[in-house]
Amino acid sequence: MKLKIATIALGLLGTSITLSQAQIKLNSKTIGSATKAVQAVTLSNDDVIAYTKEYITWMDENNPVAPADNELAQRLTKLTSGLTNYDGQTLNFKVYLVRDVNAFACADGSVRVCAGLMEVMSDNEVLGVIGHEIGHVKNMDSRDAFKTALLTSALKDGVSSQGGTAATLSDSQLGELGEQVANMSFSRKQESVADDYGYKFLKDNNVNPWYMSMAFERLQELSGGASDGGAAKKLFSSHPDTGKRVTEMAKKAEKDGFTKPTE
Ligand SMILES: [Zn+2]
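Treat the numbers as computed from the prediction; the structure is a model and nothing was measured.

Peer 1: How would you sum up the overall build of the protein chain? Please name residues and give values.
Peer 2: Each helix and strand counted, the protein chain has 10 helices and five strands in total. Scored against the burial criterion, the 263 residues of the protein chain give a buried share of 51%. In the protein chain, the share of contacts with a sequence separation of at least 24, taken over all contacts with a separation of at least 6, comes to 73%. Split by element, the accessible area of the protein chain, about 11,800 Å² in all, is 49% carbon and sulfur.

Here it is, written out as structure tokens:
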């Protein structure tokens, strides 16, 4: 399969950059078991959350989750201590030991950060990205995107071939679902709202909110620094508003009286 990343909240701040070949595995096996047949028309939010949980369980089983004694896992644990309950949400965090400069959050509160991201960003920048992703969960973007993927790919075929009765997800349907999820992107408005959430998240955690802007800056640097001008450059050019988001977050921090950190 050509797909590079399977992200439910669609990747890093809507500006997913992959410097080397992506490593996250797609969910091409089991999302719903045979007993999880659903009817598209009656797909409730609880159903979507149930599928999300199966999805992330599969992702965790099929990607290299950093063990507890891993340096990056310890760093993330420290970074996110006290955040397992935030703003009415139950959250859990894991590092995937893959090179992707990426992170995502699922509607069930699972937040996954790729090693590639942690290696290029400072703690506070990583926290800004996490806050942004939690914003997508809080605003139901993650749930809605996953639901759309369910309805437009995996379930649609089953429903149409079975005359609108309950569909059982097959491997190929799940492959298609993975593709839908990977290609899903949030609207500019959704990204902007999530940026504001990430900004507030940093402030709530006594971190200078300038780091939200600086996380975007880091992405710009990475993109500009791609030696081959390949994937990263291409991806970057398809998301031309990153620069604008750097500026918007910087303006906000200035207006709130924060001074840009030197590191
Ligand atoms: Zn985003």
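Moving on from the model shown.
Peer 1: Tell me about the coordination of the zinc ion, residues and numbers included.
Peer 2: Six octahedral donors at a metal ideally form angles of 90 or 180 degrees, and four tetrahedral donors ideally form angles of 109.5 degrees. Taken together, the protein ligands of the zinc ion are His132 (NE2), His136 (NE2) and Glu191 (OE), with distances of 2.1 Å. All donors of the zinc ion come from a single chain, and their spacing in sequence reads H-x3-H-x54-E. Here His136 is found in helix 4 (residues 123-138), whereas its partner Glu191 is found in helix 7 (residues 188-204), with 55 residues between them in sequence. Comparing His136 with Glu191, the two get one shared label, buried.

Peer 1: Could you give an account of the pairing of strand 5 (residues 110-114), with specific residues and numbers?
Peer 2: Among the five residues of strand 5, five are classified as buried, and the element is accordingly described as predominantly covered. Side chains Ser110, Arg112 and Cys114 project from strand 5 onto one buried face, and the interleaved Val111 and Val113 project onto a second face that is buried too. As judged from the three bridges shared by strand 4 (residues 103-105) and strand 5, these two strands associate in the antiparallel manner. Directly across from Phe104, in strand 5, lies its bridge partner Arg112. The hairpin turn running from strand 4 into strand 5, its antiparallel successor, is four residues long, and Gly109 in that turn takes a positive phi close to 95°.

Peer 1: Tell me about the sheet that holds strand 3 (residues 92-96), residues and numbers included.
Peer 2: Strand order across the open sheet formed by three strands is 3-5-4, with mixed pairing between neighbours. Either end of the sheet is taken by a strand with one partner, and the two such strands are strand 3 and strand 4. If you compare each strand with its neighbour and ignore which way they point, the axes differ by 15° on average. In this fold helix 1 (residues 45-62) packs onto strand 3, strand 4 and strand 5, with an angle of close to 35° to the strand it touches most, strand 3. Seen against the sheet, helix 2 (residues 71-79) touches strand 3 and strand 5 and runs at an angle of roughly 155° to strand 3.

Cut-offs applied
- Residues numbered from 1 in each chain as written.
- Predicted model: local features only at pLDDT ≥ 70, side-chain atom pairs only at ≥ 80, totals over all residues.
- Heavy atoms only, no water.
- Helix = DSSP H or I, 4+ residues; strand = E, 2+ residues; numbered from the N terminus.
- Buried < 20%, exposed > 50% of the residue type's maximum accessible area, 1.4 Å probe, protein only.
- Contact = heavy atoms within 4.5 Å.
- Areas by Shrake-Rupley, 256 points an atom, 1.4 Å probe, with all protein chains shown as cover.
- Donors = N, O, S within 2.8 Å, 3.2 Å for Na, K, Ca; no water.
- Pairing = 2+ DSSP bridges.
- Axes fitted to C-alpha atoms, helices over the stretch in contact; angles between N-to-C directions.

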